[in-house]
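# Inside the fold
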Amino acid sequence: AQRVTQPEKLLSVFKGAPVELKCNYSYSGSPELFWYVQYSRQRLQLLLRHISRESIKGFTADLNKGETSFHLKKPFAQEEDSAMYYCALSGKGAQKLVFGQGTRLTINP
Amino acid sequence: NAGVTQTPKFQVLKTGQSMTLQCAQDMNHEYMSWYRQDPGMGLRLIHYSVGAGITDQGEVPNGYNVSRSTTEDFPLRLLSAAPSQTSVYFCASSYSSRDDGYTFGSGTRLTVV
């Protein structure tokens with residue numbers, strides 16, 4: 001079964017501080033991992049996908065198969081990073097995408 | 001190019017009523033999915049489809065029906081609305097979830113009283 005766990009429902013950091021949003025997964029095969037972001041009053045949008053290994057808006061995420069984790073990191077938080085962040089997993093056949101519970105990130109000035 | 005369009009944006013139903021949430025995409029995506037978003041629960045998959053004529057159940061399918069007669073449309077039907085179905089519903093589509101990620105609609109906020 002596919003399962004994604006985001007242990008922190010809420011995370012609050014100060015502007016300029018480092019940010020790490022945790023994501024752990026359970027999947028028996030080779031997963032594809034994603035981070036999605038939902039800004040206030042906007043639709044969900046793709047932030048990162050592990051297969052592309054890209055950095056978007058200063059965020060990076062590394063897939064650690066040994067620890068079954070895909071944590072999202074940013075060295076210096078900005079106020080515009082305040083949003084809801086979802087980790088998601090696509091498994092065998094890539095037919096469905098399963099999400100974690102989400103973490104609401106608040107950046108304090 | 002409109003992307004993923006959901007209608008209506010808001011809806012209030014009485015318990016026991018039925019209704020259909022519409023979802024259409026103009027990107028020729030094969031994959032389409034319906035999610036519900038509830039506080040503290042994240043997004044939970046209701047039903048999904050990998051192409052016209054093919055649908056399958058997700059994590060929380062009870063009380064919902066879907067069909068996929070065309071590539072563009074993927075309506076979600078509530079057969080007999082219950083207060084537990086009060087939620088925000090999102091439709092999403094993808095050419096391939098492994099490569100491009102899903103594109104989401106703007107959501108339908110449903111209240112069942």
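Residues numbered from 1 in each chain as written. Chains lettered and ligands numbered in written order. Predicted model: local features only at pLDDT ≥ 70, side-chain atom pairs only at ≥ 80, totals over all residues. Heavy atoms only, no water.

## Here's the deal with the interface of chain B and chain A
Counting residues at the interface gives 22 residues for chain B and 24 residues for chain A. The interface formed by chain B and chain A holds 0 salt bridges in total. Run the count over chain B and chain A and you get 7 residue pairs in polar contact (both at pLDDT 80 or more). Secondary structure elements with two or more residues in the side of chain B that touches chain A: strand S4 (31-38) and strand S5 (42-51) of chain B. The greatest single-element share of the side of chain B that touches chain A, amounting to 5 residues, is contributed by S5(B). (Contact = heavy atoms within 4.5 Å. Salt bridge = Lys/Arg side-chain N within 4 Å of Asp/Glu carboxyl O. Polar contact = N/O pair within 3.5 Å; in protein donor to acceptor, adjacent residues only side chain to side chain. Helix = DSSP H or I, 4+ residues; strand = E, 2+ residues; numbered from the N terminus.)

## Topic: the state of the cysteines
The term disulfide refers to a covalent linkage connecting the sulfur atoms of a pair of cysteines. Per the stated rule, a full pass over the model turns up 2 disulfides over all chains. Here Cys23(A) connects covalently by a disulfide to Cys87(A), the sulfurs 2.0 Å from one another. Taking the torsion about the S-S bond as the criterion, the Cys23(A) to Cys87(A) disulfide, at about -65°, is left-handed. Here Cys23(A), found in the loop between strand S3 (19-21) and strand S4 (24-26), pairs with Cys87(A), found in strand S9 (residues 83-90); they are 64 residues apart in sequence, far enough to count as distant. With respect to class, Cys23(A) is no different from Cys87(A); both count as buried. Each sulfur in the disulfide pair Cys23(B) and Cys91(B) lies 1.9 Å from the other. Its S-S torsion of about -70° marks the bond between Cys23(B) and Cys91(B) as left-handed, since a negative value means left-handed. Residue Cys23(B) is found in strand S3 (residues 19-25), and its partner Cys91(B) is found in strand S9 (residues 87-94); the two are separated by 68 residues along the sequence. (Disulfide = S-S within 2.5 Å. Buried < 20%, exposed > 50% of the residue type's maximum accessible area, 1.4 Å probe, protein only.)

## Overview of the environment of Arg3(A)
All names here are of chain A. Here Arg3 is to be found in strand S1 (residues 3-5). In this structure the C-alpha to C-alpha distance between Arg3 and Asp81, which are 78 residues apart in sequence, comes to 26 Å. Each residue touching Arg3, except ones within four places of it in the same chain, is listed here: Asn24, Tyr25 and Ser26.

## Regarding the nonpolar core
Looking at soluble globular proteins, one finds that nonpolar side chains tend to be buried together. All names here are of chain A. Counting 25 residues, the largest nonpolar core has Val19, Leu21, Trp35, Leu47, Leu72, Tyr85 and Leu105 as its most contacted members. Of all elements in the fold, only strand S2 (10-14), S3, strand S5 (32-38), strand S6 (45-49), S9 and strand S11 (103-108) reach the threshold of two or more residues within this core. Among the elements that make up this core, the one with the highest residue count is S9 (4 residues). (Core = buried A, V, L, I, M, F, W, Y, C linked by side-chain atoms within 4.5 Å.)

## Brief notes about the pattern of salt bridges
Pairing between side chains of opposite charge can happen when their charged atoms approach one another. Enumeration according to the criterion identifies 5 salt bridges over all chains in this entry. The salt bridge involving Lys74(A) is made with Asp81(A); its shortest N-O contact spans 2.8 Å. The residues Lys74(A) and Asp81(A) share a single accessibility class, namely buried. The partner of Asp38(B) in a salt bridge is Arg44(B), and the shortest N-O contact between them spans 2.9 Å. Both residues of the pair, Asp38(B) and Arg44(B), count as buried. Among the charged side chains, a salt-bridge network with shared partners connects Glu20(A), Lys22(A) and Lys73(A).

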